[in-house]
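# Topology and contacts: notes
The residues making up each chain are set out below.
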Amino acid sequence: MGFFKLIFQLLLIAVIVVSVVAVYFSSQKQQFSSVDLDSYVENEVSRAEPVATLSKVKPVTEQEIVDLIAATAGTVTVSGVHHSLGGQITYAHSLFLDMSDFDKVLEFDTEAKLITVQSGIKWSQIQQVIDPHNLSIKVMQDNNDYTVGGSLSVNAHGRFVTDGSIINSVKSIRIVLPDGQVYNASPEQNSTLFYGAIGGFGGVGVIVQATLELVDNIALERSTRILSFNEFNNYFKGNILNDESVVLHQAILYPPSFESLRDVSWRKTDKALTDNRRLQENEDEPWWESVLLTLKAKSSMMHRFQKNLVDPYLYNDEVVVSRNLETSYSLRNSGFINSDESTMVMQEYLIPVNRFEIFVFNLRDIFSRHQADIFKILISYLPQNHDGLLAGASAQVFSFKLIYLQGKNKQSRRQVEAWTSELVRASIESNGTHILPYLIHDSTRQLYKAYPASNKFFELKRKADPADRFKNLFWEQHRHAVYASAEIKLKVPVNSTGFQ
Ligand SMILES: Cc1cc2nc3c(=O)[nH]c(=O)nc-3n(C[C@H](O)[C@H](O)[C@H](O)COP(=O)(O)OP(=O)(O)OC[C@H]3O[C@@H](n4cnc5c(N)ncnc54)[C@H](O)[C@@H]3O)c2cc1C
C-alpha cells in the first residue's frame, strides 16, 4: 500500500507538472479559477445577466412577495440561486424575484421528522440545522448548493435508490399565484397545483414555503466495483435494486470509450465511522485542480489515468460515514470549473432501464462523431414517477448525467447544440426524457413526446396565470403551445382560479 501510494503521488506530481507546462504554453492568456458560482452561472451559462430586468428584488417576507406581485401587471420571473442553465430564470424587463434571502426555518419537528422552510433556503443551510438532531434530508440533488424553491420547481433528484424525485419527500407547499392570492397545496388539497408547481419551472406562481420529510442520519458503508457496460443492468437488478440496505447509488461511465463503469453504492451499516466529520467543509479546490480537470475533459490519456490509477486509489479504502457527510458536497468540490475560454456544464437524460445498453451505443456513436469533450457520465436510478404534471414518460429509469466542457465561442456552442439535438432524439427514440433545467436545445414537439402530461400542465398554467405573467426563456419557448387555444385575459379577477 505504501509503495502504491508513493508511485501514485509521484505520478500525480508528474502529471501536474506536465499539465501546467502544457496549459501555460497552449494559452498564456487563459485564466483558470475554481468555480466562481456567481459569474459561472449568471454571466456565462444561464444568461441571467445579459438581459435587462425591470427591477431585481430580494424579498424576505411572504407579504412582501404578495405586495410586489400585486403592484405590477407586468412579467415576473422567480429565481433561487441561479443554477439552472438555460434561461429558466431570465426574462427581459421583468420583475426579478431573487429568493435567496427568503431563507428561514419556520418549524422543525424532530419527533415527526418534518421541517417547514421558506423557499429560498439552501440545502446546506437546512443541513446545518438538522444535523445536530441526527436527521437528514430525504431527497436532494448530488450537491447541496441549491434552494428548496429551485429544487422543487425542477422536481430534482439525486442518488437515492428508493425515494426517487423530490416530490416524494414534500408534505405540502404554500404558493402565491399571479393574482396575488396565497394557497396551500398538497396531495390532498389543491392537488393539481401541488403536482404542477413542483416541476413547474416558476411558471405557475411563487412557491413560498415547503414542509419536507426528513430521515435518520444513519451510517453508510461504501462499496465499489468495476463492470463492463453490458454487465451493468443485470448487476444493478441483482445487487442494488434487490438489496434493501442500499441507500445511495451512482456509477461512473468512463470516457472516452464508455465501455466500463465504476459502480459505487452506500449501504446502511452498524459499523463504526471511519470519518467522524459531521458535514463537508467545502473549501475551494486548489487552482491546479482546474487545470487538471480541463485536461481530463480533453484528453483520452487523462481519462485513462483517472480510470486506471486515480480512481482505484481514491476508492481503495474502506469508508463508513454519516448520510449527512456524504450528501453535503458542494459544487465547489465536484469539479465544476470555469475559465476564460470554457466552462463545465451538465445535461441529463432519463432512459428506461431496459434501454440502457442501446442508449450507451447511441451516445458513444454521437460523441465520437462530434468529438465531444465529455468529462464523465454519472448513472443513477429513479423508480417509477408519474406524480408531477411535468414528469417523464417512463417507469423505472437510469439517469445519465453528462458533465462536459463547453467552449465559450460560437463554434463550440454550435458543436454542443449539434450533438445535443442528436442525443435528445436518441433519448426520445428510447422512450426517454431529457431533463429540463439545462441549456434549451429541444422543441415543443419533443417536450410533448418526452413529457406526455405536458397538456395537463399547460391547462393549469392557463388557469393559474391567464395573463401569462410568470415567464422565463424556457416558458417563452413553449408559450405558443401553452396559450395557443386560450383566450388571454389581460386583467385577472381576484380569486378567479377556483383553488381553495
Ligand atoms: C452543476 C449542476 C449540477 C446539478 N446537479 C443536479 C442533480 O444532481 N440533480 C438534479 O435534479 N438537478 C441537478 N441540477 C439542476 C438543479 O437541480 C436545478 O438547476 C435547480 O433548479 C437549481 O436550484 P436553484 O436554486 O439554483 O434554482 P434556479 O436555477 O434559481 O431556478 C430554477 C427554476 O426554479 C424556479 N424557481 C426558483 N425558485 C422558485 C420559487 N420559490 N417558486 C417558484 N419557482 C421557483 C425558477 O423560476 C427556475 O425556473 C444541477 C445543475 C447544475 C448547474
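Everything below is about the structure printed above this text.
Described below are features of the structure shown in this document. (Residues numbered from 1 in each chain as written. Predicted model: local features only at pLDDT ≥ 70, side-chain atom pairs only at ≥ 80, totals over all residues. Heavy atoms only, no water.)

Not every one of the 34 residues close to the ligand is listed here, only the nearest: Val78, Gly80, Ser84, Thr147 and His157. Within the side chain of Tyr146, a nitrogen or oxygen atom sits 3.4 Å from a nitrogen atom of the ligand. Protein contact buries 99% of the 960 Å² of open area that the ligand shows by itself. Where the shell around the ligand is concerned, the elements lending two or more residues are strand 3 (76-79), helix 5 (148-153) and strand 10 (206-216). For the shell around the ligand, the leading source of residues is helix 5, giving three residues. Residue composition of the shell around the ligand, grouped by class: 16 nonpolar, 16 polar and two charged. (Near = heavy atom within 4 Å. Polar contact = N/O pair within 3.5 Å; in protein donor to acceptor, adjacent residues only side chain to side chain. Areas by Shrake-Rupley, 256 points an atom, 1.4 Å probe, with all protein chains shown as cover. Helix = DSSP H or I, 4+ residues; strand = E, 2+ residues; numbered from the N terminus. Nonpolar A, V, L, I, M, F, W, Y, C, P; charged D, E, K, R; others polar.)

The next thing to look at is the pattern of salt bridges. Within the structure shown, the criterion is met by 16 salt bridges. Taking the shortest distance from any N to any O, the salt bridge between Arg364 and Glu259 comes out at 3.8 Å. A residue pair is termed long-range when its members are at least 10 positions apart, and Arg364 in helix 11 (residues 356-370) and Glu259 in the loop between strand 12 (246-253) and strand 13 (260-268) qualify at 105 residues. You can call Arg364 buried: its relative accessible area is 18%. A residue is classified by how much of its surface remains accessible, and Glu259, at 44% relative accessible area, is partly exposed. (Salt bridge = Lys/Arg side-chain N within 4 Å of Asp/Glu carboxyl O. Buried < 20%, exposed > 50% of the residue type's maximum accessible area, 1.4 Å probe, protein only.)

The subject of this paragraph is the nonpolar core. One finds Ile126, Ile173, Phe367, Ile377, Ile379, Phe400 and Trp419 to be the most contacted residues of the largest nonpolar core, which totals 108 residues. The contact partners of Phe400, leaving out residues within four places of it in the chain, are Leu253, Gln347, Glu348, Tyr349, Ile351, Phe356, Phe359, Val360, Leu363, Ile377, Leu378 and Ile379. By size, the runner-up hydrophobic cluster in this structure holds 14 residues, among which are Ile69, Val76, Leu97 and Phe102. (Core = buried A, V, L, I, M, F, W, Y, C linked by side-chain atoms within 4.5 Å. Contact = heavy atoms within 4.5 Å.)

Compared with the 18 Å implied by 1.5 Å per residue over 13 residues, the 17 Å span of helix 7 (residues 229-241) between its first and last C-alpha is a close match. Approximately 45° is the largest bend angle found in helix 7, and it occurs at Tyr235. Inspection of helix 7 places Phe229, Phe232, Asn233, Tyr235, Phe236 and Ile240 among the buried residues, and these make up the whole buried set. (Expected span 1.5 Å × (residues − 1). Bend = angle between axes of the 7 residues up to and from the residue.)

Turning our attention to the packing of helix 11 against helix 12 (residues 410-429). Following both chains from N to C, one finds helix 11 and helix 12 inclined at 165°, their axes separated by 10 Å at the closest point. Overall, the two elements helix 11 and helix 12 adopt an arrangement that is roughly antiparallel. Viewed along their axes, helix 11 and helix 12 form a crossing whose handedness is right-handed. Contacts from Phe359, Asn362, Leu363, Ile366, Phe367, Arg369 and His370 of helix 11 reach helix 12 at Gln415, Ala418, Trp419, Glu422, Leu423, Ala426 and Ser427. Residue composition of the contact of helix 11 with helix 12, by class: eight nonpolar, four polar and two charged. (Axes fitted to C-alpha atoms, helices over the stretch in contact; angles between N-to-C directions. Parallel < 35°, antiparallel > 145°, perpendicular 65-115°, else oblique. Left-handed = near helix turned anticlockwise from the far one by under 90°.)

So far we have only geometry, and geometry alone does not tell us how the molecule works.
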